Amino acid sequence: MDLTEAIHRDVQDRIEEYLGELFEDPYLDQETGHFYVRYGTTVLEISVEPYGPEDAMVQVMAYCVQGVRLEHDLLLGLLELNHHLPFGAFSLVGRDLFIAHTLFGRTLDRGSLLGAIAAVANVSDEYDDRIVAKYGGQTALDRIRDTGGKRGRSERPRREALHPPR
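Bear in mind that the values here come from a model prediction, so they are computed numbers and not experimental data.

Caption draft 1: Highlighting the overall build of the chain. Tallying secondary structure elements over the chain gives five helices and seven strands in all. Seen in sequence order, the chain has helices and strands lined up from the N terminus as α-β-β-β-β-α-β-β-α-β-α-α. The buried share of the chain, reckoned over its 166 residues, is 42%. If you take every contact in the chain between residues at least 6 apart in sequence, the share linking residues at least 24 apart comes to 64%. For the chain, the exposed area adds up to about 9500 Å²; of that, 52% sits on carbon and sulfur atoms.

Caption draft 2: Spatial organisation of the packing of helix 1 (residues 6–22) against helix 3 (residues 110–135). Two elements in contact, helix 1 and helix 3, have axes separated by 10 Å at closest approach and are oriented at 70°. Taken together, the axes of helix 1 and helix 3 are roughly perpendicular relative to one another. With respect to the hand of their crossing, helix 1 and helix 3 are arranged in right-handed fashion. Mapping the contact onto sequence places Ile15, Glu17, Tyr18, Leu19, Glu21 and Leu22 in helix 1 and Arg110, Leu113, Leu114 and Ile117 in helix 3. Partitioned by chemical class, the residues of the contact of helix 1 with helix 3 number seven nonpolar, no polar and three charged.

Caption draft 3: A look at the nonpolar core. Of all hydrophobic cores here, the largest spans 36 residues; its most connected members are Ile15, Leu19, Leu44, Ile46, Phe90, Leu113 and Ile131. Elements supplying a minimum of two residues to this core: helix 1, strand 2 (35–39), strand 3 (42–50), strand 4 (56–66), helix 2 (72–84), strand 6 (96–104) and helix 3. Considering each element in turn, this core owes the most residues, nine residues, to helix 3. Discounting chain neighbours no more than four positions away, the residues touching Leu19 are Pro26, Phe35, Val37, Ile46, Leu113 and Ile117.

Caption draft 4: Local environment of the environment of Asp25. For Asp25, the position within the fold is in the loop between helix 1 and strand 1 (27–28). For the pair Asp25 and Val37, spaced twelve residues apart in the sequence, the C-alpha separation amounts to 7.2 Å.

Caption draft 5: Structural detail: the confidence of the model for the chain. With 86% of its residues at a pLDDT of 70 or more, the chain shows a mean pLDDT of 86. Note that residues 150–166 has pLDDT below 50 and, in this model, 17 contacts with residues that lie over four places away or in other chains.

Caption draft 6: Seen up close, the pairing of strand 3. The element strand 3 is extensively covered by neighbouring structure, given that seven of its nine residues are classed as buried. As paired strands, strand 2 and strand 3 are joined by five bridges and run antiparallel to one another. Across the sheet, Tyr36 pairs through a bridge with Glu45, a residue of strand 3. Taking the residues between adjacent antiparallel strands as the criterion, strand 2 and strand 3 are bridged by two residues, where Gly40 takes a positive phi near 65°. Inspection of the sheet shows strand 3 paired to strand 4 by seven bridges, in the antiparallel sense. Looking across to strand 4, one finds that Leu44 is bridged to Ala62. Count of turn residues in the strand 3/strand 4 antiparallel hairpin: five residues, of which Gly52 carries a positive phi of about 75°.

What counts and what doesn't
Counting of residues starts from 1 at the beginning of each chain's written sequence and follows it residue by residue. In keeping with the model being predicted, local features are shown solely for residues with a pLDDT of at least 70 and side-chain atom pairs are shown and tallied solely at 80 or more, while totals for entire chains, interfaces and linings include all residues. As a rule here, side-chain values cover all heavy atoms of the structure and leave hydrogens and water aside. Labels follow the DSSP assignment, with helices taken as runs of H or I lasting at least four residues and strands as runs of E lasting at least two, numbered in each case from the N terminus. In this scheme, a residue with accessible area under 20% of its type's maximum is buried, one over 50% is exposed, and one in between is partly exposed, where area comes from a 1.4 Å probe on protein chains only. Pairs of residues are marked as contacts when any of their non-hydrogen atoms sit within 4.5 Å. Calculation of accessible area relied on Shrake-Rupley with a 1.4 Å probe; when residues are assessed, cover is drawn exclusively from the protein chains displayed. Fitting a line to C-alpha atoms yields each axis, with helices limited to the stretch in contact; the angle taken between N-to-C directions then spans 0 to 180 degrees. Orientation labels follow simple angle bins: below 35 degrees gives roughly parallel, above 145 gives roughly antiparallel, 65 to 115 gives roughly perpendicular, and whatever is left gives oblique. In this scheme the crossing of two helices becomes right-handed for a clockwise turn of the near helix relative to the far one and left-handed for an anticlockwise turn of less than a right angle. Amino acids are sorted into nonpolar (Ala, Val, Leu, Ile, Met, Phe, Trp, Tyr, Cys and Pro), charged (Asp, Glu, Lys and Arg) and polar (every other residue, Gly among them). Here, the term nonpolar core denotes a set of buried Ala, Val, Leu, Ile, Met, Phe, Trp, Tyr and Cys residues that are joined through side-chain atoms within 4.5 Å. pLDDT runs from 0 to 100 and stands for how confident the predictor is about each residue. By the convention used here, strands pair only if DSSP detects at least 2 bridges between them.

Structure, rendered in structure tokens:
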């Protein structure tokens, strides 16, 4: 995490404050600076990344299904669904399916963060069991129960590995 500018650190601090007010036990990964919360049956990761020197991006991401079978109709269905979702979009890394929504950090308030968390979690909750039933894999909570949470985001390719900085 490279939050070198004051605005980046300010957004990170506000996210920590808001999550502390909204959730019983938000977890902060000291190594990455990413926060983890549970909303219903969904595990969410909230991260802050620089967006130029004067703003930051706040990404709210749900681990929807891990180890899904990649079939043509699933991939097409997700692309079509992305077109219709009012907030967020599905993405795929390896065989792990995520849904995420990104907000600007400078103007972010508590209500907007909670709204994004609820929207992402609700979409993930709505589709995870259906996807697992048809295409296999595990929901995030099932995966955590089975592995004790040992497999995390750090084991998937990082954005920088796929798209080197320019």
